[in-house]
Amino acid sequence: MVIHKEYALRRFCEVPLKHERSKELLEKICGSPALLKKLVFVTTREYLSNTMLISQVGTTEAGFELQLGYEAEYLTLANGNLKKEKQQIREAPIQDPLKAWDVLQDFIGILHVQLVFKEDTPDWYGEIAVPNEAIPPASLRPGWAAFIREQVDLILWAIALKEQIDEALRVRDEKLFRESLRLYNEVCQSCFWQL
C-alpha cells in the first residue's frame, strides 16, 4: 500500500492535536500541492535543518514547532592540525501554526516533518517516515558513525586540494602549489584509507 503525504496528514488529524491550530495548518498544507512536495516525514528531527514537529494531545513533546535554518561544517588547519568546526544558522522557532503557514509560503527546500503520536506509531506512518540518517543505528558502536563522517570529509577535502594543486600547476602559481601540496599531504596522513 502506497501512503501519500496528504493521506498521512489527514489521518494524523483524526485525533486531537496538542496545539489547537495545528489541524488548520495541516489542512492548508493538504490544499497546497507545491508545499506537499517539499515535505519529508522523518522518525526524528534531531540534527536536521528545516524541521516541523506536530504532536497529538497526551504526548510529552511540544505541541507545534517550526525550525528553519541550516548547519554547515567545515575543516580548517590550525597549528598543523585539522580542525572540524560547525556553524549553525537558525531562525527562532515558530510555535504558532498560523505564523508558520505565512513563513512556509516562501519556503524553498525540503521540510522535515515529525509527527508525534500519543500511542504506538501506526503502521501507515512507519511506511512513509524515513529514518534520520544523521543518527547512527543502535547497531553501530558510539563514535563509529562520527569516524566514518570524518573520514569522508577528509577524502572530500583531499579531492578538492588535488584539484587546487592541478590548477596551481596549470597557472604556474608556485605559492598556491606549495601550500596546497602541504595541506594535501597532511590530509592524506590523517586519512584512514590510502589516497
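First, a word on scope: everything that follows refers to the structure included in this document.

So, the overall build of the protein chain
Looking only at helices and strands, one finds seven helices and six strands in the protein chain. Secondary structure of the protein chain in N-to-C order comes out as α-α-α-β-β-β-β-β-α-β-α-α-α. For the protein chain, the residues scored as buried account for 35% of the 195 residues in total. Excluding contacts between residues fewer than 6 apart, the proportion of contacts in the protein chain whose partners are at least 24 apart in sequence is 68%.

Points about the nonpolar core
Looking at soluble globular proteins, one finds that nonpolar side chains tend to be buried together. Within the largest apolar cluster, 31 residues are counted, with the highest numbers of intra-cluster contacts made by I29, F41, M52, L66 and L111. Residue contributions to this core peak at four residues, all from helix 2 (residues 22–30). When sequence neighbours within four positions are dropped, the list of residues in contact with L66 reads T51, M52, P93, I94, A100, V103, L104 and L111. Within the second largest apolar cluster, eight residues are counted, among which are I165, L183, Y184 and V187.

Points about the packing of helix 2 against helix 4 (residues 97–104)
Two numbers describe how helix 2 lies on helix 4: the axes approach to 8 Å, and their chain directions differ by 25 degrees. By the criterion of interaxial angle, the relationship of helix 2 to helix 4 is roughly parallel. Within the contact between the two elements, helix 2 uses S22, E24, L25, K28 and I29 and helix 4 uses P97, L98 and W101.

Points about the side chain of T51
Within the fold, T51 resides in strand 2 (residues 51–55). Within the structure, the side chain of T51 is placed 3.4 Å from the side chain of R45, a separation counted as a polar contact. In this structure, T51 is in contact with R45, E65, L66, Q67, L111 and H112, ignoring residues within four places of it in sequence.

Observations regarding the packing of aromatic side chains
The full count for this structure, using the stated rule, is six aromatic pairs. Consider the rings of F117 and W124, whose centres lie 5.7 Å apart with planes at 80 degrees: the pair is edge-to-face. What makes F117 buried here is its relative accessible area of 11%. Judged by relative accessible area, which is 9%, W124 ranks as buried.

Here we look at unusual backbone geometry
One non-glycine residue, N50, lies in the positive phi region at around 55 degrees. Following the sequence through the fold, N50 ends up in the loop between strand 1 (39–41) and strand 2. Phi at R172 takes a positive value of approximately 60 degrees, unusual for a residue other than glycine. Its location among the elements puts R172 in the loop between helix 6 (144–171) and helix 7 (174–190). The class of R172 is exposed, set by a relative accessible area of 75%.

Some words on the sheet that holds strand 1
Pairing is mixed across the open sheet formed by four strands, whose spatial order is 1-6-2-3. Strands at the two margins of the open sheet, each flanked by one partner only, are strand 1 and strand 3 (64–67). On average, each strand axis in the sheet is inclined to that of its neighbour by 20 degrees, with strand direction left out of account. Alignment of strand 2 against strand 6 (residues 111–116), held across five bridges, turns out to be parallel. Its bridge partner being in strand 6, S55 is matched across the sheet by V116.

Analysis parameters
- Sequence positions are assigned chain by chain, starting from 1 and proceeding in written order.
- Given that the model is predicted, a residue must reach a pLDDT of at least 70 before its local features are reported, and side-chain atom pairs must reach 80 or more before they are shown or counted; all residues, however, enter totals for whole chains, interfaces and linings.
- As a rule here, side-chain values cover all heavy atoms of the structure and leave hydrogens and water aside.
- By the criteria applied, helices consist of DSSP H or I runs no shorter than four residues and strands consist of E runs no shorter than two, each listed in order from the N terminus.
- When accessible area is computed with a 1.4 Å probe and restricted to protein chains, residues below 20% of their type maximum are described as buried, those above 50% as exposed, and intermediate ones as partly exposed.
- Any two residues having at least one pair of non-hydrogen atoms within 4.5 Å are treated as being in contact.
- Side-chain atoms within 4.5 Å link the members of a nonpolar core, which is a set of buried Ala, Val, Leu, Ile, Met, Phe, Trp, Tyr and Cys residues.
- To get an axis, a line is fitted to the C-alpha atoms, and for a helix only the part in contact is used. The angle between two axes follows their N-to-C directions and goes from 0 to 180 degrees.
- Note that the term roughly parallel is reserved for angles under 35 degrees, roughly antiparallel for angles over 145, roughly perpendicular for angles of 65 to 115, and oblique for everything else.
- Counting of polar contacts relies on pairs of N or O atoms within 3.5 Å, with two restrictions inside protein: one atom must be capable of donating a hydrogen and the other of accepting it, and residues adjacent in sequence are counted only when both atoms are side-chain atoms.
- Put simply, two rings from Phe, Tyr or Trp (the six-membered ring, in Trp's case) pair if the centres are within 6.5 Å, and we call them stacked under 30 degrees between planes, edge-to-face over 60, tilted for the rest.
- In short, DSSP must find at least two bridges between two strands for them to pair.

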